[in-house]
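Here are the chains, one letter per residue:
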Amino acid sequence: MPAAADPVAATTALDSLERALSTGDGAAAASLAPADDAAARSLLESLAGNARTLRVRDLDLRYVDTLGVPAEDGSWAVRADLTWSLGGVDRGVARTEVEVGLRSSAQDVGVTGFTGGRVPLWLRGPVLVDRGEDTLVITSGADPAPYSVLARRAVPQAAKVLGDSAGPLVVEVPQDAAGLDAVLGVPEGTYREVAAVTASVDGLLSTSSPVHVFVNPVELSRLRRTGAQVVMTHEAVHAVTGAPTSRAPVWLVEGFADYVALLDVDLPLSRTAAQVLERVREDGVPERLPDESDFDLTAPHLGAAYEAAWLACRALASLAGEDGLVEVYRRTSDGEDVVAALAAVGTDPAEVTRTWQRLLAEAAG
């Protein structure tokens with residue numbers, strides 16, 4: 001008969017794991033695994049190595065409660081509050097809830113790994129890391145160099161429009177789309193067809209939560225170099241401007257990121273806005289700017305919505321200048337009403353919409 005779950009023993013095990021990870025002590029972490037579990041020893045040792053390489057700070061692993069009852073082999077799990085930050089890059093502290101696997105024996109309670117919840121990439125298994133002056137790329141085993149090249153180009157591209165506010169940029173690359181969904185704590189398949197997404201690492205819509213770029217390596221690899229760079233720069237703009245908590249209209253959030261990403265791309269609108277122009281030819285010029293429903297991942301014309309938002313930002317820049325576009329983006333992101341923000345740069349929603357509609361009609365014609 002398996003031993004009963006012991007909250008005191010679980011708390012002791014979590015405290016020991018916290019110390020081992022905080023100090024990056026691989027041997028101490030490995031010693032917390034069950035004596036007969038070589039895989040758990042190797043895993044915990046690698047997690048301590050990850051913490052050391054990533055300069056993990058503010059680490060706290062606190063017991064919350066026990067999940068179920070121990071299985072016949074003595075294995076059980078607990079729920080724990082986890083906080084952490086990555087030294088040198090994260091301006092805030094991430095907070096989430098994770099599940100930690102344990103196994104009881106006659107001698108002690110051993111740790112088998114992190115088994116559920118929104119477990120960050122660095123606590124899922126060995127990672128590879130490439131650190132630049134303004135970038136940090138973390139992968140679950142793939143060569144980080146190609147992603148670092150994209151990230152290191154993205155930062156100055158963003159800074160060209162945003163000034164010195166671009167960076168540091170953190171990019172995380174799980175093994176595949178399923179791994180991306182798991183790291184983000186969403187149902188499997190959510191980001192299957194998305195090349196990258198910017199999100200808070202703990203899923204909280206708080207300005208204190210660190211924001212990273214998360215890559216779907218399968219989808220990003222389908223793109224040519226220019227397309228991959230546009231994606232990375234787009235997401236970099238989101239990351240360095242805190243887009244997940246922005247209160248700006250979604251067309252402005254997405255359109256502004258594409259405005260920056262496409263600024264130096266020397267391709268005709270027939271290529272860069274092909275989907276929305278085809279929609280215009282079929283259905284006519286839209287009566288309104290894209291709204292939140294148009295950017296749902298299941299929306300039927302998602303690509304056209306992004307292109308429409310980008311052209312709306314180009315229209316705004318033609319009216320108020322690039323500095324005016326940046327000013328409106330920053331004001332509305334901070335919560336200012338879009339009408340007031342546009343008035344501050346000498347225009348209004350109706351004029352922006354009319355200019356955008358003319359741009360669409362001319363390009364489609």
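Up top is the structure these notes are about.
To start, this report covers the structure provided alongside it.

Here is what the cut-offs are and how they apply
Residues numbered from 1 in each chain as written. Predicted model: local features only at pLDDT ≥ 70, side-chain atom pairs only at ≥ 80, totals over all residues. Heavy atoms only, no water. Buried < 20%, exposed > 50% of the residue type's maximum accessible area, 1.4 Å probe, protein only. Helix = DSSP H or I, 4+ residues; strand = E, 2+ residues; numbered from the N terminus. Arc of directions from axis to C-beta. Axes fitted to C-alpha atoms, helices over the stretch in contact; angles between N-to-C directions. Left-handed = near helix turned anticlockwise from the far one by under 90°. Contact = heavy atoms within 4.5 Å. Nonpolar A, V, L, I, M, F, W, Y, C, P; charged D, E, K, R; others polar. Pairing = 2+ DSSP bridges. Polar contact = N/O pair within 3.5 Å; in protein donor to acceptor, adjacent residues only side chain to side chain. Salt bridge = Lys/Arg side-chain N within 4 Å of Asp/Glu carboxyl O. Phe/Tyr/Trp six-rings, centres within 6.5 Å; stacked < 30°, edge-to-face > 60°. Core = buried A, V, L, I, M, F, W, Y, C linked by side-chain atoms within 4.5 Å.

### Re helix H10 (residues 274–283)
Of the residues making up H10, those classed as buried are Val276, Leu277 and Val280. Taken end-on, H10 shows its buried residues confined to a sector of 100°, consistent with a single buried face. Exposed side chains of H10 directed beyond 90 degrees from the buried face belong to Glu282 and Asp283. Immediately beyond the C-terminal end of H10, within one or two residues, lies Gly284, with a positive phi of roughly 90°.

### Let's talk about the packing of helix H11 (residues 302–333) against helix H13 (residues 349–364)
Where H11 contacts H13, the two axes come as close as 8 Å, and the packing angle between them is 115°. Like other packed secondary-structure pairs, H11 and H13 cross with a definite hand, here right-handed. Facing H11, whose interface residues are Ala308, Leu311, Ala312, Arg314, Ala315, Leu316, Ser318 and Leu319, H13 presents Glu351, Val352, Thr355, Trp356, Leu359 and Leu360. Split by residue class, the contact of H11 with H13 holds 10 nonpolar, two polar and two charged.

### What about the sheet that holds strand E6 (residues 135–139)?
Read from one edge to the other, the open sheet built from five strands follows the order E5-E6-E7-E9-E8, with strand pairing classed as mixed. A strand with exactly one partner marks an edge of an open sheet, and here the two such strands are strand E5 (128–131) and strand E8 (196–200). Neighbour-to-neighbour, the strand axes of the sheet open up by a mean angle of 20°, direction not taken into account. Two elements, strand E7 (residues 169–173) and strand E9 (residues 211–215), share two bridges in a ladder whose sense is parallel. In the strand pairing of E9, Val171 is matched with Val213. Running at roughly 5° to E5, helix H3 (residues 38–54) makes contact with E5 and E6 of the sheet. The strands touched by helix H5 (residues 177–184) are E8 and E9; relative to E9, the strand with the most contacts, the crossing angle is about 160°.

### Considering the sheet that holds strand E4 (residues 109–117)
Spatially, the four strands line up as an open sheet ordered E1-E2-E3-E4, and their pairing is antiparallel. Two strands in the sheet have a free side with no partner beyond their single neighbour: strand E1 (56–67) and E4. Averaged over all pairs of adjacent strands, the angle between their axes in this sheet comes to 35°, without regard to strand direction. When strand E2 (residues 75–86) meets strand E3 (residues 94–104), the two strands line up antiparallel, connected through 10 bridges. In the strand pairing of E3, Ser75 is matched with Arg103. Sitting on the sheet, helix H1 (residues 7–23) is in contact with E1, E2, E3 and E4, with an inclination near 165° to E1.

### Quick word on the side chain of Ser246
Relative to the elements of secondary structure, Ser246 occurs in the loop between helix H7 (225–240) and helix H8 (250–261). Of note is the side chain of Ser246, whose polar atom sits 2.9 Å from the side chain of Ser333. Once residues within four sequence positions are removed from consideration, Ser246 is found in contact with Val253 and Ser333.

### Thoughts on the pattern of salt bridges
Taken as a whole, this structure holds 13 salt bridges when the rule is applied. A salt bridge links Glu97 to Arg79; its shortest N-O distance comes to 3.2 Å. Of this pair, Glu97 sits in strand E3 while Arg79 sits in strand E2, placing them 18 residues apart in sequence. Classification of Glu97 by relative accessible area gives partly exposed; the value is 38%. Accessibility expressed as a relative area gives 23% for Arg79, which makes it partly exposed. Ionic contacts of the salt-bridge type, sharing partners, join the residues Asp65, Arg79 and Glu97 into one network.

### So, the packing of aromatic side chains
Given two aromatic rings, their pairing is described by the distance between the two centres and the angle made by the two planes. A complete count under the given rule lists two aromatic pairs for this structure. Judged by centre distance (4.1 Å) and plane angle (15°), the rings of Phe256 and Tyr329 are stacked. Taken as a pair, Phe256 in helix H8 and Tyr329 in helix H11 lie far apart in primary sequence, 73 residues in all. Overall, Phe256 belongs to the buried group, its relative accessible area being 0%. Among the residues examined, Tyr329 registers a relative accessible area of 2% and is labelled buried. Note on Phe295 and Tyr306: the rings are 5.1 Å apart at their centroids and 85° apart in plane angle, and the pair reads as edge-to-face. Of this pair, Phe295 sits in the loop between H10 and H11 while Tyr306 sits in helix H11, placing them 11 residues apart in sequence. Classification of Phe295 as buried rests on a relative accessible area of 10%. What makes Tyr306 partly exposed here is its relative accessible area of 24%.

### Structural notes on the nonpolar core
Among the nonpolar cores identified, the biggest contains 50 residues, and Trp84, Leu86, Val100, Leu102 and Phe114 are the most heavily contacted of them. Tallying contributions element by element places H1 first for this core, with seven residues. In this view, Trp84 contacts Val56, Arg57, Asp58, Leu59, Val93, Ala94, Thr96, Pro120, Trp122 and Val201; residues no more than four positions away in its chain are not counted. Grouped together as the second largest cluster of nonpolar side chains are 46 residues, Leu162, Ala273, Leu311 and Val326 included.

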